[in-house]
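# Structural overview for review
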Amino acid sequence: MLPSDKQAFRQILASSKSIIILSGAGLSAASGIPTYRDPNDSDALWSKNDAMAYATPQAFQKDPSSVWQFYHRRRALCLNAKPNDAHRALATLSLPAVLSRVAPCASSPPLHVAQNIDALSLRVLEPFSSQDKATAEKCLLEMHGSIFVTRCTSCQHIQRTYTPALSSTLRNIEDINTKHDIPIKELPRCGGDAWAGSNRYGNCGGLLRPEVVWFNEVPPLMGEIARKMNWCDLLLVVGTSSTVYPAAGFASQVKARGGKVAMFNAGRAKGDEEADFLFLGNCEATLPDILDVKTDIANMWPQA
Ligand SMILES: [Zn+2]
């Protein structure tokens, strides 16, 4: 029998002090964001093989122009996407009124460790009051960075911006599905297009890179996340398998210390019977129901 008892899960949720959410690609699937490994993402030119090829520091060093065009296109894709009910359900858990109802023992809102780089877990917070938004933002760790954050390769300045194009040359590309010859000096740079020779921090003219964790790079927040897992008594694994790295490591860490693991995933995965709770189905359908936040979603996002 599959461990998927809704009432039993809600009891554990209600008695948990430290709840952590680990989300993956399945969270944004209903928003139309293709994943690196999505077999259906079959764009002719920017195929999934390209994604693997471009998401490395070596590729950026060798051919920053192609890497930037790849990310420019993905930024547009993410900006066109809209958060779905799975993002909304998770976001409601950071609202004091909801948290005190569904998880009254929680000492703070759940920490949300997001592997997606699409920022939909941030954009979903739009209707929140500024105070609730600040709380929710503090609870979100973008483990693999964000496609909307850049880092200067010279002065290391970090900036978040939702502008679709980060340089005028990228902005003027008519067909973003075709690769173009763009010289390095016309790629996004520290200080923007108006850079006028200064070498100040945040305005030094250096080449920017997307602040995303590439293959062969270690997520800088890994240590912090692992420390927080030590205190976790309920781990919600959403839209990713709890048996695949890094979720597998976190899940066994939590279980070794007596915590519970609940998995919300579209389909079965090898070894998923190890989870204490397993809720199968698209997470935009299962999460609002299992967490008992359907009404809260309807109240907070009436247009959705
Ligand atoms: Zn700089």
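These figures come from a predicted structure and were not determined experimentally. (Residues numbered from 1 in each chain as written. Predicted model: local features only at pLDDT ≥ 70, side-chain atom pairs only at ≥ 80, totals over all residues. Heavy atoms only, no water.)

## Let's talk about the packing of helix H6 (residues 85-92) against helix H13 (residues 283-290)
For clarity, the cut-off: Lines fitted to C-alpha atoms define the axes, with helix axes restricted to the stretch in contact, and inter-axis angles between N-to-C directions lie between 0 and 180 degrees. Numbering goes from the N terminus for both helices and strands, where a helix is a DSSP run of H or I of at least four residues and a strand is a run of E of at least two. Note on terminology: angles under 35 degrees are roughly parallel, angles over 145 are roughly antiparallel, angles of 65 to 115 are roughly perpendicular, and the others are oblique. Take the far helix as the reference: if the near one is turned anticlockwise from it by less than a right angle, the crossing is left-handed, and if turned clockwise, right-handed. By definition, residues are in contact when any of their heavy atoms lie within 4.5 Å.
Running from N to C, H6 and H13 cross one another at 30 degrees; their axes reach a closest spacing of 7 Å. Accordingly, the angle class assigned to the pair H6 and H13 is roughly parallel. In this structure, the crossing between H6 and H13 has a hand that is left-handed. Of the residues in H13, those touching H6 at Asp85, Ala86, Ala89 and Leu90 are Cys283, Glu284, Leu287 and Pro288.

## Describing the UniProt feature "binding site: Zn(2+)" (unreviewed entry) in the protein chain
We apply this condition: UniProt positions are given in the numbering used here, feature names are shortened, and annotations may be inferred rather than shown by experiment. Accessibility here uses a 1.4 Å probe with only protein chains present; expressed as a share of the type maximum, an area under 20% marks a residue as buried, one over 50% as exposed, and anything in between as partly exposed.
According to UniProt, the "binding site: Zn(2+)" (unreviewed entry) feature falls on Cys152, Cys155, Cys190 and Cys204. Across 53 residues in sequence, these annotated residues keep their C-alpha atoms within 8.5 Å of one another, forming a single compact spot. Structurally, the position occupied by Cys152 is in strand E4 (residues 145-152). For Cys152, a relative accessible area of 0% corresponds to the buried category.

## Structural notes on the sheet that holds strand E3 (residues 140-142)
Defined as follows: Following DSSP output, two strands are said to pair if at least two bridges run between them.
With parallel pairing, six strands are arranged side by side in an open sheet as E3-E2-E1-E7-E8-E9. Taken across any chain shown, the strands that pair with only one partner, and hence form the sheet edges, are E3 and strand E9 (277-280). Neighbouring strand axes in the sheet, compared pairwise and without regard to direction, differ in orientation by 15 degrees on average. In terms of strand pairing, strand E1 (residues 19-23) meets strand E7 (residues 234-238) through five bridges, oriented parallel.

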